[in-house]
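# Structural overview
Spelled out from the first residue to the last, the chains are:
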Amino acid sequence: MKKIRKLIGEEIHDYLEESLKWVVMSLLIGIPCGLLGTLFHHSLRKANALRAAHPWLLFTLPLIGALIILLYHSCGMHTDRGTNRILDSVRKNEPVPLRVGFIMFISTILTQLGGGSAGREGAALQIGGSIGSLFSHKIGSRFDLPERSQKVGVMCGMGAFFSALFGTPLTATVFSIEVAEVGHMEHLGLLPTLLSSLIAYSISKLLGGEHIVLLVTSQLTSTPTVMLSTAVLALLCAFVSILFCFVMHHARAAYNLVTTNSYLRVILGGIIVIAVTLFLDTSAFNGAGMNLVEEAVAGNSHWATFLIKLLLTAVTLGAGFKGGEIVPSFAVGASFGCVVAPLLGLDASLGAALGMVAVFCGVSNCPFASIFLGVELCGSRYVVLFAIVCAVSLLFSGNCSLYSSQRILNDKFDLAIIPTVKKKESADDSGRSSK
């Protein structure tokens, strides 16, 4: 060992040794996240299949909501900060209890079983983050890794579980290192997070996990006219992003006008979801919303779809059900883009893809992850247009964000005409608050 140090130099030897430790940590985090992510995917698919086969399960939603609240209270989590807790762990190098992921795993499946309008990425980030935190803490102390190993481990877990669940390893990797702080990326976490994501993705693919592919049927090319229309669409999507964040942030406050009791609130939310579903006479708006994305990319979307999905998601998550907002934001953006794009001279199918990417970027403030999302789901043909919608949406969505713990280092656009939602901590179940 001493001969090797002398031959290659002390600094190079230490660098290679630490890099090897990061690789080992990535492997140890990626494998369980891949296995659990695949199990979670199959569990969600089974829950949605059961609900489709037995429509009466919708009427159990209020009871399911009460069970979720009871589960959190019995575990001592009366004020769950959700995804915000994971982002704090990345920025502040704080550990995440494993029970956070376990409870989220069960609660998200129950929400989907009952027909709540909620996504699954909230669960992916919290489950993956808790696993990454556990492994990095154990490995970091044993391998004598530097202090930042804790937050890099959390990023590895986030990326790995996200990748296993969605089949998008590049998006998962970049999102994990980009989301905590807007204006700063944890570049040192790129390699271990990418390795964990690729490992988890490979395991998921081997075990029959999901890889979503959206077929954009447009024949348009990236001409100056098309790019200009794309920029206009992105500007409109930026304001949809602001609306999305605003409604999500204030859903809990609206419930509190009626009751502050968490059990009564979730029961009321379940009743509202049931009433809306019966009134619309369709279950299309229940669940995460990828069905709405697929319909929009196929060119079929009603003008009110994006608004209904937005409001029903706020009703579900604001009440205390579990899940996430990202997949619903896909549905909102795709549906909006599908309807508006023809008015701007774009194909409805292309407009849906661009709207999905633009709204995701606007609510998450993750432009590079959003570009990769468009490429991994829709192909690289329109990568230039994806970049345009992300650049415009990021700027004109102002300082709004789905996550109160996401730190925006600099105001994106210091003009009074751009709405800015003041930062306000919220103890709601998915960790939503305003920026």
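Structure shown above.
Structural notes, computed from the coordinates. Bear in mind the structure is a predicted one, so any value in this text is a computation, not a measurement.

This part is about the overall build of the chain. Assigned secondary structure in the chain consists of 17 helices and two strands. Taken across its 435 residues, the chain has 59% of its residues classed as buried. Of the contacts formed within the chain by residues at least 6 apart in sequence, a portion of 79% connects residues at least 24 apart. As presented, the chain carries roughly 17300 Å² of accessible surface, and 68% of it is formed by carbon and sulfur atoms.

This part is about unusual backbone geometry. The backbone phi angle of Asp281 is positive, close to 55°, even though this residue is not glycine. Of note, Asp281 is situated in the loop between helix H11 (262-280) and helix H12 (290-297). By relative accessible area, Asp281 is classed as exposed at 68%. At Asn365, a residue that is not glycine, the phi angle is positive and equals roughly 60°. Relative to the helices and strands, Asn365 resides in the loop between helix H15 (348-364) and helix H16 (367-378).

Time to look at the layout of surface pockets. Where empty space is left becomes clear once a probe the size of a water molecule has been rolled over the atoms. Estimated volume of the largest pocket: approximately 360 Å³. Residue lining of the largest pocket: 17 residues in total, with Asn48, Gln112, Arg120, Ala288 and Met290 positioned closest to the centre. Elements that contribute at least two residues to the lining of the largest pocket include exactly helix H2 (10-53) and H12. Per-element tally for the lining of the largest pocket: the top contributor is H2, with five residues. When its residues are assigned to classes, the lining of the largest pocket shows four nonpolar, eight polar and five charged.

Take the packing of aromatic side chains next. Pairs of aromatic rings are described using the distance from one ring centre to the other and the angle between the two planes. Counted according to the given criterion, the structure contains seven aromatic pairs. Arranged with centres 4.9 Å apart and planes meeting at 55°, the rings of Phe40 and Phe105 form a pair that is tilted. One end of the pair, Phe40, is in helix H2; the other, Phe105, is in helix H5 (residues 98-114), with 65 residues separating them in the sequence. Each member of the pair, Phe40 together with Phe105, is buried. Members of the aromatic cluster, joined through ring pairs, are Phe162, Phe166, Phe175, Phe330 and Phe360. When the ring centre of Tyr72 is taken as reference, the NZ or CZ atom of Lys322 above it lies at 4.0 Å.

Looking at the element boundaries, Ser176 is found in helix H8 (residues 169-178). Taking relative accessible area as the criterion, Ser176 reaches 1% and is therefore assigned buried. Within the local environment of Ser176, its side chain forms a polar contact with the backbone oxygen of Ala172, the two atoms lying 2.7 Å apart. Here Ser176 is in contact with Met155, Met158, Gly159 and Thr193, once residues within four sequence places are set aside.

On the surface, Ile31, Leu35, Leu206 and Leu207 cluster together into a nonpolar patch covering about 400 Å² of accessible area. A relative accessible area of 44% places Leu35 in the partly exposed class.

One finds Phe40, Phe175, Val293, Phe330 and Met356 to be the most contacted residues of the largest nonpolar core, which totals 115 residues. Excluding its chain neighbours within four sequence positions, the residues that come into contact with Phe330 are Met290, Val293, Met356, Phe360 and Leu373.

Here Met227 shows up in helix H10 (residues 224-256). By relative accessible area, which is 27% here, Met227 ends up partly exposed. Along the primary structure Met227 and Ile388 are separated by 161 residues, whereas in three dimensions their C-alpha atoms are 7.5 Å apart. Ignoring anything within four residues of it in the chain, the contact list for Met227 reads Ser222, Val384, Leu385 and Ile388.

We now examine the side chain of Thr168. Mapped onto the elements, Thr168 comes out in the loop between helix H7 (149-166) and H8. Owing to a relative accessible area of 2%, Thr168 belongs among the buried residues under this scheme. Beyond its immediate sequence surroundings of up to four residues, Thr168 is in contact with Phe162, Ser163, Glu376 and Leu377.

Once that is clear, we can look at the packing of helix H3 (residues 61-74) against H5. Look at H3 against H5: their axes get within 9 Å of each other, and the N-to-C directions meet at 170°. Considering the angle they form, H3 stands roughly antiparallel to H5. When H3 is examined against H5, the residues Leu61, Ile64, Leu67, Ile68, Leu71 and Tyr72 are found in contact with a partner set consisting of Ile103, Met104, Ile106, Ser107, Leu110, Thr111 and Gly114. Here the contact of H3 with H5 is composed, by residue class, of ten nonpolar, three polar and no charged.

A separate point is the packing of H10 against H15. As a packed pair, H10 and H15 sit with axes 8 Å apart at the nearest point and diverge in direction by 45°. Relative to H15, the element H10 is oriented oblique. The interaxial crossing formed by H10 with H15 has right-handed handedness. Contact residues: Thr230, Leu233, Cys237, Val240, Ser241, Phe244 and Cys245 in H10; Gly351, Leu354, Gly355, Ala358, Val359, Gly362 and Val363 in H15. Classifying every residue of the contact of H10 with H15 gives nine nonpolar, five polar and no charged.

Parameters and conventions
- Residues numbered from 1 in each chain as written.
- Predicted model: local features only at pLDDT ≥ 70, side-chain atom pairs only at ≥ 80, totals over all residues.
- Heavy atoms only, no water.
- Helix = DSSP H or I, 4+ residues; strand = E, 2+ residues; numbered from the N terminus.
- Buried < 20%, exposed > 50% of the residue type's maximum accessible area, 1.4 Å probe, protein only.
- Contact = heavy atoms within 4.5 Å.
- Areas by Shrake-Rupley, 256 points an atom, 1.4 Å probe, with all protein chains shown as cover.
- 1 Å grid on protein atoms, 1.4 Å probe; cavity = no way out; pocket = protein on both sides within 12 Å on 5 of 7 lines; lining within 4 Å.
- Points joined across faces, edges and corners; volume = space filled by probe spheres on them.
- Nonpolar A, V, L, I, M, F, W, Y, C, P; charged D, E, K, R; others polar.
- Phe/Tyr/Trp six-rings, centres within 6.5 Å; stacked < 30°, edge-to-face > 60°.
- Lys NZ or Arg CZ within 6 Å of the ring centre and 35° of its normal.
- Polar contact = N/O pair within 3.5 Å; in protein donor to acceptor, adjacent residues only side chain to side chain.
- Patch = residues over 30% accessible without salt bridge, like charges linked within 9 Å, V, L, I, M, F, W, Y side chains within 5 Å.
- Salt bridge = Lys/Arg side-chain N within 4 Å of Asp/Glu carboxyl O.
- Core = buried A, V, L, I, M, F, W, Y, C linked by side-chain atoms within 4.5 Å.
- Axes fitted to C-alpha atoms, helices over the stretch in contact; angles between N-to-C directions.
- Parallel < 35°, antiparallel > 145°, perpendicular 65-115°, else oblique.
- Left-handed = near helix turned anticlockwise from the far one by under 90°.

So far we have only geometry, and geometry alone does not tell us how the molecule works.
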